[in-house]
Amino acid sequence: AAFWLTLRNSIFARLSGPSDGTCAHVKVQLDQDLVLTRNAFNATLLLDNQSATSPLSNIKVVLRITDNNGLAADSLFTVSPPTATGLGAVDGTGALGVNASGSATWTIVPTRQAAPNGPTVYGVGGLLQYTQDGHAVTVPLFSAPITVYPDPALYVKYFHQRDVFADDPFTPQIEPSIPYVLGVLVENRGKGTANNVSIISSQPKIVDNEKGLAIDFKIIGSVVAGQPQSPSLTANFGTLAPGARSLGLWYLTSTLQGFFEDYQASFQHVDDLGVTNLSLVDEVT
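Here's what I pulled together on the structure shown here. For clarity, every value in this text was computed on a predicted model and none was experimentally measured.

1. A closer look at the environment of Ala244
Here's step 1: Here Ala244 lies in the loop between strand 18 (234–240) and strand 19 (245–254).
Here's step 2: With a relative accessible area of 23%, Ala244 lands in the partly exposed category.
Here's step 3: Measuring from C-alpha to C-alpha, the distance between Ala244 and Glu187 comes to 6.0 Å, with 57 residues separating the pair along the chain.
Here's step 4: Beyond its immediate sequence surroundings of up to four residues, Ala244 is in contact with Val186, Glu187 and Asn188.

2. Brief notes about the packing of aromatic side chains
Here's step 1: By the definition in use, this model includes two aromatic pairs.
Here's step 2: Where Phe77 meets Tyr122, the ring centres are 5.0 Å apart and the plane angle is 85°; that geometry is what we call edge-to-face. With Phe77 in strand 5 (residues 77–79) and Tyr122 in strand 9 (residues 120–132), this pair connects stretches of sequence that are 45 residues apart.
Here's step 3: For Phe77, a relative accessible area of 7% puts it in the buried group.

3. Some points on the pattern of salt bridges
Here's step 1: Scanning the entire structure with this criterion turns up seven salt bridges.
Here's step 2: Notably, a salt bridge pairs Arg38 with Asp151, separated by 3.1 Å at the nearest N-O pair. Of this pair, Arg38 sits in strand 2 (residues 22–39) while Asp151 sits in the loop between strand 10 (135–148) and strand 11 (154–160); the two residues are 113 residues apart in sequence, bridging distant segments of the chain.
Here's step 3: Take Arg38: its relative accessible area is 4%, and that puts it in the buried class.

4. As for the sheet that holds strand 10
Here's step 1: Strand order across the open sheet formed by four strands is 7-4-9-10, with antiparallel pairing between neighbours. At either margin of the open sheet sits one strand with a lone partner, and together these are strand 7 (91–96) and strand 10. Neighbour-to-neighbour, the strand axes of this sheet turn through a mean angle of 30°, independent of strand direction.

5. Here's the deal with the sheet that holds strand 13 (residues 180–188)
Here's step 1: Judged by pairing direction, the sheet is mixed, and its six strands sit side by side in the order 17-16-19-13-11-21 without closing on themselves. Every other strand in the sheet has two partners, leaving strand 17 (227–228) and strand 21 (281–284) as the edge strands with one partner each.
Here's step 2: As paired strands, strand 16 (residues 217–224) and strand 19 are joined by seven bridges and run antiparallel to one another. Across the sheet, residue Ser222 finds its bridge partner in strand 19, namely Trp250.

6. Notes on the side chain of Asn49
Here's step 1: By the secondary structure assignment, Asn49 is in strand 3 (residues 41–49).
Here's step 2: For Asn49, a relative accessible area of 5% corresponds to the buried category.
Here's step 3: Reaching out from Asn49, the side chain makes a polar contact with the backbone nitrogen of Ser51 at a distance of 3.2 Å.
Here's step 4: Polar side-chain contacts of Asn49 include one of 3.0 Å to the backbone oxygen of Gly97.
Here's step 5: In contact with Asn49, other than residues within four places in its own chain, are Ser54, Pro55, Leu56, Leu96, Gly97, Val98, Asn99, Ala100 and Gln132.

7. A closer look at the layout of surface pockets
Here's step 1: When its volume is computed, the largest pocket comes out at roughly 270 Å³.
Here's step 2: Every element with two or more residues in the lining of the largest pocket is listed here: strand 3, strand 8 (100–110), strand 9 and strand 10.
Here's step 3: In terms of residue count, strand 10 provides more of the lining of the largest pocket than any other element does, six residues in total.
Here's step 4: Tallied by class, the residues present in the lining of the largest pocket amount to 13 nonpolar, three polar and no charged.

8. Regarding the environment of Asp282
Here's step 1: Among the structural elements, Asp282 can be located in strand 21.
Here's step 2: Note: C-alpha distance between Asp282 and Ala153 (129 residues apart in sequence) is 6.1 Å.
Here's step 3: Contact partners of Asp282, with chain neighbours within four places excluded, come to Arg112, Ala153, Leu154, Tyr155 and Phe267.
Here's step 4: Engagement of the side chain of Asp282 in a polar contact is seen with the side chain of Arg112, the distance being 2.9 Å.
Here's step 5: A distance of 3.4 Å separates the side chain of Asp282 from the side chain of Tyr155, its partner in a polar contact.

What counts as what
- Residues numbered from 1 in each chain as written.
- Predicted model: local features only at pLDDT ≥ 70, side-chain atom pairs only at ≥ 80, totals over all residues.
- Heavy atoms only, no water.
- Helix = DSSP H or I, 4+ residues; strand = E, 2+ residues; numbered from the N terminus.
- Buried < 20%, exposed > 50% of the residue type's maximum accessible area, 1.4 Å probe, protein only.
- Contact = heavy atoms within 4.5 Å.
- Phe/Tyr/Trp six-rings, centres within 6.5 Å; stacked < 30°, edge-to-face > 60°.
- Salt bridge = Lys/Arg side-chain N within 4 Å of Asp/Glu carboxyl O.
- Pairing = 2+ DSSP bridges.
- Axes fitted to C-alpha atoms, helices over the stretch in contact; angles between N-to-C directions.
- Polar contact = N/O pair within 3.5 Å; in protein donor to acceptor, adjacent residues only side chain to side chain.
- 1 Å grid on protein atoms, 1.4 Å probe; cavity = no way out; pocket = protein on both sides within 12 Å on 5 of 7 lines; lining within 4 Å.
- Points joined across faces, edges and corners; volume = space filled by probe spheres on them.
- Nonpolar A, V, L, I, M, F, W, Y, C, P; charged D, E, K, R; others polar.

Shape is all these values report; function is a separate question.
Here you go:
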């Protein structure tokens, strides 16, 4: 199964320019999401109660993941809370009426340690427990094999043009705004392939302008691997095989001239599972 991953990246840059004959600093923030698909598995348990007189209660499912030697490997995976349909729950409080069917579904995401060097086979099984007619029943769930492939490891390096050419407020004429470049180099240093890689950008926004400089910034287009994607804010990198790298550029304009004297980037792993050990991005600089 495909599992979408988002890395939220915030870029801060400080532009210096003239304001009433003095140096003014403006802090600009650009938020970008790096999105890609990763390996994941869907595990589904279907349960049919074919009895016309005896409902099931206290339904509980315990998933267990093992390696080829039958040893526990649960620590190498992250499992989402189950989604139960027709059962209420599978935590020991579930129930299933007579002549009824229900199901429970989990999303299983391997960590990078699950397949560090090549495809690795694991088994997903466990136990089904319930009560029927006052009797506690335990049913083993025999392991279903899954093959985990190595993850990519992305290194993201931003670079920014220092000088910005635009209108000079100290001259009577209005000089044109010349587009300048924000670049990003995405490199896959892992042993797995990164699929459907894209970086979705917002427009820049000014977050600090103490002297009230009348200035604005805009992204006017993007280019990836030399192919224009204008006027899109999204840079689509496609597939990055192990060892591959790709270059993306955003073209920006400023309404006033100046130069960037400081530049910082940070990122945060975001996914629906609320965990931090699944990031496929190792570094942003």
